[in-house]
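# Coordinate inspection notes
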Amino acid sequence: MSEPLEPITDTQMPGVLAGNIGTPIKLSDLMLNGVTAEAARSGDAVKIWTRLHLTSDDRFFHRIVEGLGAHVEYRAREAGHYITLTRSGFILLVIHPDNTGDLWLDAAAVALQVLAKRSMAAGTLLFENDIADVTAMSFPLVEIGPQDRVVCIFREGWRFALFFDFNPKRQLAIADMERDLGTLHRRLKYRDLYDAIADENVFGRLIGAGWFPFVEILGREFQDLATHCEAGFDLDEVEKKLLAAFNAQRIESMFVRWMAKPHFAGKERLLRSALNNYVAGDSIAVIKIVLTEIEGNRPIATAAILL
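Residues numbered from 1 in each chain as written. Predicted model: local features only at pLDDT ≥ 70, side-chain atom pairs only at ≥ 80, totals over all residues. Heavy atoms only, no water.

### What to know about the packing of aromatic side chains
If you walk through the whole model with that rule in mind, you get 4 aromatic pairs. With centroids separated by 5.6 Å and ring planes inclined at 65 degrees, the aromatic side chains of W49 and F60 adopt a geometry described as edge-to-face. With W49 in strand β5 (residues 48-49) and F60 in the loop between β6 (51-55) and α1 (61-78), the pair connects residues that are 11 residues apart, well separated along the chain. Since its relative accessible area comes to 24%, W49 is described here as partly exposed. (Phe/Tyr/Trp six-rings, centres within 6.5 Å; stacked < 30°, edge-to-face > 60°. Helix = DSSP H or I, 4+ residues; strand = E, 2+ residues; numbered from the N terminus. Buried < 20%, exposed > 50% of the residue type's maximum accessible area, 1.4 Å probe, protein only.)

Printed below as a string of structure tokens:
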């Protein structure tokens, strides 16, 4: 059953409403304190994982998830809830010190902290191509205390992630949890990029053609390049399409983002000259300014590869 949206106070956007879209399932007798890290016979000492984050591409993911899922579904049936966790895309379980727990199935509000490719005012629509990186994931309307244990399983595309912290010292590090959840989201979202870089043939051809997956082309544009390299296709067509997308407006957006960084701000005139030359179609001047004058500055040198 859904509940009314709860207001979140925000000085920039007063009156904005955000909320959980449902209520948690209340569970009890959740005796979850760790996961065995190795095989052991009865009476043997065994290593235990009390904190872990991994994706469905990792070796132990399915074994761990199946065990966790079976226990949670069993406790849910005892509480009168007949659920199947495999039907949910976002599962959050918060276990309290008395072994009671709140199980959120596709119902908890989720907030992502991202690195944006362009400057944005509060209330601006954000598109996938505007996101350069995901740095954290949080649950702003779910109460999680320092003595709680947390299990989170979520889906991004066709892959899944698992995080758990059974918090044996009863000192849950919320910031660390949010960072690791953000890392998992990033690993799932950009897995195709990581696969392309790991493939020596694909990445070798990209580098040989003068391309590198710097932040501005992450997403569909880089995927198109990588797909053409993997298939052995000629890059002329996809390169022309990508370069045509870098119009004056996009170049200006890149410039504004660069100027927000202190180590770039001191080179404003130099960078402005390079970008003006690019818009004017003088690529030789761009390469000379960016590669020669700012040699060794990786973010700028990387951008120069595209320009």
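### Comments concerning the environment of G101
Mapped onto the elements of the fold, G101 is located in strand β8 (residues 101-105). Under the relative-accessibility criterion, G101 is labelled buried at 2%. Expressed as a C-alpha distance, the spacing of G101 and R149, which sit 48 residues apart in the sequence, is 9.0 Å. In this view, G101 contacts I25, K26, L27, L30, V94, I95 and H96; residues no more than four positions away in its chain are not counted. (Contact = heavy atoms within 4.5 Å.)

### Side note on the packing of helix α4 (residues 200-208) against helix α5 (residues 220-231)
Close contact between α4 and α5 brings their axes to 9 Å; oriented N to C, the two are set at 110 degrees. One element, α4, and the other, α5, form an angle in the roughly perpendicular class. Considering only the axes of α4 and α5, their crossing is right-handed. Residue-level inspection shows V202, R205 and L206 of α4 in contact with α5, the latter providing F222, L225, A226, H228, C229 and E230. Partitioned by chemical class, the residues of the contact of α4 with α5 number 6 nonpolar, 1 polar and 2 charged. (Axes fitted to C-alpha atoms, helices over the stretch in contact; angles between N-to-C directions. Parallel < 35°, antiparallel > 145°, perpendicular 65-115°, else oblique. Left-handed = near helix turned anticlockwise from the far one by under 90°. Nonpolar A, V, L, I, M, F, W, Y, C, P; charged D, E, K, R; others polar.)

So, to be careful, I would describe these as geometric facts and stop short of saying anything about function.
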